[in-house]
Amino acid sequence: MASPAASRLSSLLREWDRGSKKVRMKILADFVAQCRSLTGPQLEKELGNGASLLLARITSWLRLSYALDSSVALQLRAISVFVAASSGQRFLAEFVEVSGVATVVEILSLKELPTEDKHEAIRLLSSVAAAGRHFKEIICKAEGPQRLQTFMQAVHPEHPLEEARDLLVTLGRGNPAFSGRAHHALLRLLRCEHALSQRLAAAGLRALVAAMPGSQHLHAD
């Protein structure tokens, strides 16, 4: 006999598969509110050992809708519950395996999406980068530094810009194969017309340069 948690998950997945966008957004809002502080093992327990099934559905929906919807922030927030969960490395690996990182990086380049969506994308990428060098490399291979540079060249509120700068600094540290891309992105931002981004980039650049051997110091193209 299925456990109560497994039965709840089965019902939830049926509702998701048959539901409209409004229904799915309600499911995601409830999930984020109830599960955002859970660890990986706790998520598995809460979702009847079928957490991956829900993550796969959310990720698939994001890939299909991010270029069409006016808002994907809630989808990104729900994915972050899995990816950022303590002891949830399996969820991160599953997200990476389906090219989730490339999708989230692409969101940063879509002009029609609001800042809130891009801010959530930056937060999700920050959680991925925090998992270590391998994941930083994946973000860089997906042109993450270039997309972050483009984001910071536009006018946005200060907090998202700070988080974008912090992510660039993270990508430039402990990532020798791709640190130059983050370094160059910050250098190019010194020339942009947005004064706040110039200031943030200068502070980020100082932090990166201080941590790099002299032979690795780079110059803008």
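One can find the structure itself at the top, above this paragraph.
Here's a quick rundown of the structure. (Residues numbered from 1 in each chain as written. Predicted model: local features only at pLDDT ≥ 70, side-chain atom pairs only at ≥ 80, totals over all residues. Heavy atoms only, no water.)

Description of the packing of helix α1 (residues 4–18) against helix α4 (residues 51–65)
Direction vectors running N to C along α1 and α4 enclose 15°, while the axes themselves pass 11 Å from each other. On the basis of their axis angle, the class for α1 and α4 is roughly parallel. Where α1 crosses over α4, the two elements pack in a sense that is left-handed. Between α1, through Leu 12, Leu 13, Trp 16 and Asp 17, and α4, the contact on the second element is made entirely by Leu 53, Leu 54, Arg 57, Ile 58 and Trp 61. (Axes fitted to C-alpha atoms, helices over the stretch in contact; angles between N-to-C directions. Helix = DSSP H or I, 4+ residues; strand = E, 2+ residues; numbered from the N terminus. Parallel < 35°, antiparallel > 145°, perpendicular 65-115°, else oblique. Left-handed = near helix turned anticlockwise from the far one by under 90°. Contact = heavy atoms within 4.5 Å.)

So, the side chain of Glu 137
Relative to the helices and strands, Glu 137 resides in helix α9 (residues 133–141). Under the relative-accessibility criterion, Glu 137 is labelled buried at 16%. Glu 137 has contacts with Asn 175, Ala 177 and Phe 178, leaving out every residue within four places of it along the chain. (Buried < 20%, exposed > 50% of the residue type's maximum accessible area, 1.4 Å probe, protein only.)

A look at the nonpolar core
One finds Phe 31, Leu 43 and Phe 82 to be the most contacted residues of the largest nonpolar core, which totals 69 residues. Ranked by residues supplied to this core, first place goes to helix α5 (residues 73–83) with 7 residues. Not counting residues up to four positions away in its chain, the partners in contact with Leu 43 are Phe 31, Cys 35, Leu 38, Ala 51, Val 81, Phe 82, Ala 85 and Phe 91. (Core = buried A, V, L, I, M, F, W, Y, C linked by side-chain atoms within 4.5 Å.)

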